[in-house]
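Listed here are the chains, written in short residue letters.
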Amino acid sequence: MQIYLPIAEISINIFLLLGLGAGVGFLSGIFGVGGGFLMTPLLIFIGIPPAVAVSTQANQVIASSASGALTHWRRQAIDIKMGLLLLIGGSLGSVLGVFLFTWLRTLGQIDLFVSLAYVALLSIIGGLMLVESVNALRKKFLGKGDDKANPRRKRRLIDRLPFKVRFARSGLYISVIPPLFMGFSVGALAAMLGIGGGFIMLPAMIYILRMPANVVVGTSLFQILFVTALTTYLQAAQNQTVDIVLALTLIVGGVIGAQFGARLGQRLPAEELRTGLALLVLGVGVKLAWDLGSEPSDMFEIIQTGVK
Amino acid sequence: MMRALLLTSLLILISTLNSALAAPPDELEREADIVAALSQTTVEIRSNFAGADLILFGAIAGFQDGDDVAVVVRGPASDLRVMRKERSFGIWINRAPVRFEEVSGYYAVASTRPLKDMGTFSALRRNQIGRDHVRLNAPETQRRETRFGVRDVLVSDLGSEIVDYREALGRIKGRAGLYVETPGGVTILEGGLFQARLRLPPATPVGDYVADVYLFRAGQPIASRQIYLDVRKAGLERAIYDHAHNHPHLYGLICVLLAVFAGWAAAEIFRRR
């Protein structure tokens, strides 16, 4: 059964869309990530114009992060103060991102930029995660329990920055500059790539800000919710590229898939799960890198310029 | 039902044609005349739109054996750019954009026989019949010069490369079913009745379409007839599209609220279980 997408202006099998939503939702439920980094390339692959895919993906992430953030809110696992700081940076970043996106689109280089950014991000993050989780696995199986991690924290560059503020919920006393900067960069990337940015934000919060693990996911979802809401609004207002029919179809599939994924995820051990996520992230990165370097099937490409 | 309808409409067409031809006997005698109609003059794109099949049917007065019919359908025109992929630092990058002006978003030719067998090159080129004969204007790359004493010669900066760009345009649009050529797509029934099948793909652009019917004799078009087709979004699809373009700020807010609501609903539903 075909469904016509009024903004993307093509008709696509509705079960394909629901299946994509459920599949990506399933994976994101298992691993606890938004899955935008998987969904956007897939949408482009099935023929959705990249501009529409990116903007609509942001709209879908709102739904998944809203339901996640709500659950964490009830458990009081959100550092609101940190979330707001990340959000201020993120909002500025998202405004810049949407403008950059429009500019690159008129140059005809948006696809290249999106692919390059994905390759760089996915291989760096995936690689770091893999190293980290393989180390954790080795410790687990070799039983090297005696090496205490960071017996005394070293004084780092971050600790020397001015404008320090106390974050009660996270038990931190750090400068406001790193959260603002992190929020800004992730916000800009999120707007240009149509992702929530959770898979960048989570490691950054843990390794750079050293936030405790129990508030990291909730706080990240909290800021993703607002940044993607802003991105969706800006994309809709400036580029008219948000397809609500596509977004709602993906949301329905995603919600169902995520529930099954989350149930399976609870039964799997954490280290294996993280190794799995690292491999998945790396796999998508390698695939995109391969596509960039391999001979294109058509040496020409049409870029629609006239606004209909 | 469809067939009966078609036949009655054809009969009506023929009778009007006959009377039209019979009326002015003294006037400049025309070799042939065409009447034609589409099975639907408006194609509405709704949520279940998966492309549409249209039948263009008609009659030719003065049809002779050996005559050929070609039907050309053009969709709404827009500007676009074609870029060539080039390899640098190991990756393929879009380079060398060429802007084409007023390119038809849909172009279909159906004919009784392969085009080159029924019309001369110049006749096909003049009427833009056939994928190779579509006029593609790239204003930035061409200028008018005087060459060998001939004024206003159109010269392309790209030289022979422009051919590759033109071919690419037809090829890429062809993959989406938007540029099609179907020799044998027109069937002559009998006594000058003909019908052509047209396929509008799922990616059909909305707008005004023009269908031209040509009658070819001895390599030249001797009669033609133009009819119109309107492809438009209808129902909810139209409402959403219009809303997104006329009230982008409100539309953006609604998208955000709907998604937040969906997320909240999902959290509630699955919490109870």
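Residues numbered from 1 in each chain as written. Chains lettered and ligands numbered in written order. Predicted model: local features only at pLDDT ≥ 70, side-chain atom pairs only at ≥ 80, totals over all residues. Heavy atoms only, no water.

1. Examining the overall build of chain B
What chain B contains, in helices and strands, is six helices and 14 strands. Taken across its 273 residues, chain B has 46% of its residues classed as buried. Across chain B, every contact between residues at least 6 apart in sequence was considered, and the portion connecting residues at least 24 apart equals 67%. Of the roughly 14600 Å² that chain B leaves accessible, carbon and sulfur atoms contribute 54%. (Helix = DSSP H or I, 4+ residues; strand = E, 2+ residues; numbered from the N terminus. Buried < 20%, exposed > 50% of the residue type's maximum accessible area, 1.4 Å probe, protein only. Contact = heavy atoms within 4.5 Å. Areas by Shrake-Rupley, 256 points an atom, 1.4 Å probe, with all protein chains shown as cover.)

2. Considerations on the interface of chain A and chain B
Every contact between the two is made by 53 residues of chain A and, on the other side, 55 residues of chain B. Approximately 4800 Å² of surface area, both sides summed, lies buried where chain A meets chain B, with 63% of it carried by carbon and sulfur atoms. Considering only the surface of chain A that becomes buried against chain B, Tyr4(A), Phe300(A) and Ile302(A) emerge as the three largest contributors, covering 16% of it. Taken together, the connections running from chain A to chain B amount to two salt bridges. In this structure, the salt-bridge partner of Lys233(B) is Glu9(A), at a minimum N-O distance of 2.6 Å. (Buried area = accessible area lost by both parts, 1.4 Å probe. Salt bridge = Lys/Arg side-chain N within 4 Å of Asp/Glu carboxyl O.)

3. Overview of the domain arrangement of chain B
All names here are of chain B. When its domains are assigned, chain B resolves into domain 1 (2-25 + 34-233) and domain 2 (235-273). The interface is formed by five residues belonging to domain 1 together with four residues belonging to domain 2. Interface area, domain 1 with domain 2, both sides summed: about 420 Å², of which 55% is carbon and sulfur. Area buried by domain 1 at its contact with domain 2 is led by Arg46, Ser47 and Lys233, which between them contribute 89% of it. (Domains from an automatic or database assignment.)

4. Looking at the packing of helix H5 (residues 110-142) of chain A against helix H8 (residues 198-209) of chain A
Residues and elements named next belong to chain A. Packing of H5 against H8 leaves a shortest axis separation of 11 Å and a crossing angle of 50°. Here H8 runs oblique to H5, going by the angle between their axes. The handedness of the crossing between H5 and H8 is left-handed. Contacts between H5 and H8 pair Leu121, Leu122, Ile125 and Glu132 from the former with Phe199, Ile200, Pro203 and Tyr207 from the latter. Looking at the contact of H5 with H8 residue by residue, the classes come out as seven nonpolar, no polar and one charged. (Axes fitted to C-alpha atoms, helices over the stretch in contact; angles between N-to-C directions. Parallel < 35°, antiparallel > 145°, perpendicular 65-115°, else oblique. Left-handed = near helix turned anticlockwise from the far one by under 90°. Nonpolar A, V, L, I, M, F, W, Y, C, P; charged D, E, K, R; others polar.)

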